[in-house]
Amino acid sequence: MTLYPKLIMDALATVTYPGTKKNLVESGMVADTPSINGMKVKVVLEFPRDTDPFLKSTVKAAEAAIHYHVSKDVEVEIATEFKSKPRPEVGKLLPQVKNIIAVSSGKGGVGKSTVSANLAISLARLGYKVGLLDADIFGPSMPKMFKVEDARPYAVEKDGRQLIEPIEKYGVKLLSIGFFVNPTTATLWRGGMATNALKQLIADADWGELDYFILDTPPGTSDIHLTLLQTLAITGAIIVSTPQQVALADARKGIDMYRNDKVNVPILGLVENMAWFTPAELPENKYFIFGKEGCKHLAEEMNTPLLAQIPLVQSICESGDAGEPAACNIDTMTAQAFINLAQAVVTVVNKRNREQKPTKIVEVKKS
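Computed from a predicted model, the values in this text were never measured in an experiment. (Residues numbered from 1 in each chain as written. Predicted model: local features only at pLDDT ≥ 70, side-chain atom pairs only at ≥ 80, totals over all residues. Heavy atoms only, no water.)

Novice: Teacher, can you tell me more about the overall build of the chain here?
Specialist: Helix and strand counts for the chain stand at ten helices and 15 strands. Sequence-distant contacts, at least 24 apart, represent 74% of the contacts inside the chain between residues at least 6 apart. Accessible surface computed for the chain: about 18600 Å², of which carbon and sulfur atoms make up 50%. (Helix = DSSP H or I, 4+ residues; strand = E, 2+ residues; numbered from the N terminus. Contact = heavy atoms within 4.5 Å. Areas by Shrake-Rupley, 256 points an atom, 1.4 Å probe, with all protein chains shown as cover.)

Here's what the structure looks like:
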């Protein structure tokens, strides 16, 4: 039997590619004329990207079609190419990002996202290039806090890859899963789906050059935290807590997660949020409704800096809900508190980078 290219192309034309609902030839996926050497055939198929969900099944179907329509004796080799360059390997992601800061809390409701947003804005006000990733996949709040709930990031072509362009506001580059899901319905995902979505927001986005990349992590310890630790070399973690004992107990767990021997991410310091209540009409008064200086005592116990004590002021909540975080109103006492926090973070990060080795990504050991 004599083989020739048209026989092979006719066979490939019987295979439908699910991504386009057209056959491989109509879809333009046969990258070159099939090469033939006796009964050996080599076909090159071009897919949109290396993570194409239909890649394996399409390759198998193409091989089966050649055997069925040409001959079962044909020795088939199918190579794959990609229109979009593959994602960089873990360890080579975000090469232009200098410092990656995880903002964490042991429990929900302590104002971690409020601290993350205002820290990012304050760092930008100090002149730094800042990115903010809303890594709370199941409870994204940054789109509302930045008043960009209707924003829909688009893809840009860069270095042969299709990359998500972050939304930029208040001098901060921002991405959140909240841009891609219905804000009025619950995100019902299994762990694998959530972690894959998070990896896309990190690896398939055009973050560019950043001095500080802030990760607003979910409360507690979870798969999301492990994914971040296995994907990025985190410069250090900031733990947010209120002064009350139940929050401090959970904050200890958060500290322990990062200080674990297998993780070894430095704790940059603690932030005591809702440290005291100050009424607008009595700005000099302090009411310690959640306890007094609990984070200060925990910081001393854990031998880590207390970076800031942020008061409980009604305007912080109102400004966050209105999409204009407190750090935007530069003349207020609260904005100054966040600027002070940002300056403290710069100081401890510089000290950490001088005195400690870069963090290593947590390795996944396969048994």
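Alright, that's what it looks like, and here's the rest.
Novice: Any chance you could explain the packing of helix α7 (residues 245-259) against helix α8 (residues 294-302) here in plain terms?
Specialist: Working note: a packed helix pair is described by the angle between its axes plus the distance between those axes. Here α7 crosses α8 at 35 degrees, and the two axes come no closer than 11 Å. In the packing of α7 onto α8, the handedness of the crossing is right-handed. Between α7 and α8, the residues in contact are L248, A251, R252, I255 and R259 and G294, C295, L298, E301 and M302, respectively. Its residues assigned to classes, the contact of α7 with α8 shows six nonpolar, one polar and three charged. (Axes fitted to C-alpha atoms, helices over the stretch in contact; angles between N-to-C directions. Left-handed = near helix turned anticlockwise from the far one by under 90°. Nonpolar A, V, L, I, M, F, W, Y, C, P; charged D, E, K, R; others polar.)

Novice: Got a minute to help me understand the pattern of salt bridges in this structure?
Specialist: If charged atoms from side chains of opposite charge come close, those side chains can pair. All told, the structure shown has nine salt bridges when counted by the stated rule. The shortest N-O distance in the salt bridge between K296 and E293 comes to 4.0 Å. By relative accessible area, E293 is classed as partly exposed at 24%. (Salt bridge = Lys/Arg side-chain N within 4 Å of Asp/Glu carboxyl O. Buried < 20%, exposed > 50% of the residue type's maximum accessible area, 1.4 Å probe, protein only.)

Novice: Teacher, can you tell me more about the packing of helix α1 (residues 5-12) against helix α2 (residues 55-69) here?
Specialist: α2 packs onto α1 with a crossing angle of 120 degrees between their chain directions and a minimal axis gap of 8 Å. Between α1 and α2, the interaxial angle falls into the category oblique. For the pair α1 and α2, the crossing hand works out as right-handed. Touching I8, A11 and L12 of α1 are A62, A65, I66 and H69, all from α2. Within the contact of α1 with α2, the residues separate by chemical class into six nonpolar, one polar and no charged. (Parallel < 35°, antiparallel > 145°, perpendicular 65-115°, else oblique.)

Novice: Where do I start with the packing of aromatic side chains in this structure?
Specialist: For any pair of aromatic rings, the description consists of the separation of the ring centres together with the inter-plane angle of the planes. Using the criterion set out here, one finds six aromatic pairs in the structure. Plain terms: the ring middles of Y128 and Y212 are 5.3 Å apart, the flat faces sit at 90 degrees to each other, and that makes the pair edge-to-face. Taken together, the residues Y128 in the loop between α3 (112-125) and β7 (130-134) and Y212 in strand β12 (residues 210-216) connect sequence positions 84 residues apart. Looking at Y128, the relative accessible area reads 29%, which means it is partly exposed. (Phe/Tyr/Trp six-rings, centres within 6.5 Å; stacked < 30°, edge-to-face > 60°.)

Novice: Please explain the nonpolar core as it appears in this structure.
Specialist: Considering soluble globular proteins, one finds that nonpolar side chains tend to be buried as a cluster. One finds F146, F213 and I214 to be the most contacted residues of the largest nonpolar core, which totals 86 residues. Here this core gets nine residues from one element, more than from any other, and that element is helix α10 (residues 333-355). I8, A11, L24 and V43 belong to the second-largest nonpolar core, a separate cluster that totals 22 residues. (Core = buried A, V, L, I, M, F, W, Y, C linked by side-chain atoms within 4.5 Å.)

Novice: What am I meant to see in the side chain of D204 here?
Specialist: Tracing the sequence through the fold places D204 in the loop between α5 (191-203) and β12. With relative accessibility at 13%, the residue D204 sits in the buried group.

Novice: Before we go on, may I ask you to explain the pairing of strand β11 (residues 172-176) in this structure?
Specialist: In regular strands, side chains alternate between the two faces of the sheet. For β11, a buried count of four out of five residues is recorded, marking the element as mostly surrounded by other parts of the structure. By the bridge criterion, five bridges tie β7 to β11 in an arrangement that is parallel. Residue D134 lies in a different strand from β11, and its bridge partner there is S176. Where strand β10 (residues 167-169) lies against β11, three bridges are found, and the strand directions are antiparallel. In the strand pairing of β11, E168 is matched with K173. Counted along the chain from β10 to the antiparallel partner β11, the turn is two residues long, and its residue Y170 has a positive phi close to 55 degrees. (Pairing = 2+ DSSP bridges.)

Novice: Looking at this structure, how should I read unusual backbone geometry?
Specialist: Across the chain, the bulk of peptide bonds are trans and the bulk of non-glycine residues have phi less than zero. Positive phi outside glycine occurs at K147, with the angle close to 55 degrees. Of note in the backbone geometry, E293 takes a positive phi value of approximately 60 degrees without being a glycine. Take E293: it is sitting in the loop between β14 (267-277) and α8.

Novice: Whenever I open this one, the sheet that holds strand β5 (residues 75-82) confuses me. Can you help?
Specialist: Hydrogen bonding along the main chain pairs the strands of a sheet, whether they run parallel or antiparallel. One open sheet accounts for three strands, arranged β3-β4-β5; its pairing is mixed. The open sheet has two edge strands with one neighbour each: β3 (35-37) and β5. Neighbour-to-neighbour, the strand axes of the sheet open up by a mean angle of 20 degrees, direction not taken into account. Where strand β4 (residues 40-47) lies against β5, eight bridges are found, and the strand directions are parallel. Directly across from V43, in β5, lies its bridge partner I78. Its contacts with the sheet put α2 on β4 and β5, and the angle it makes with β5 is roughly 150 degrees.

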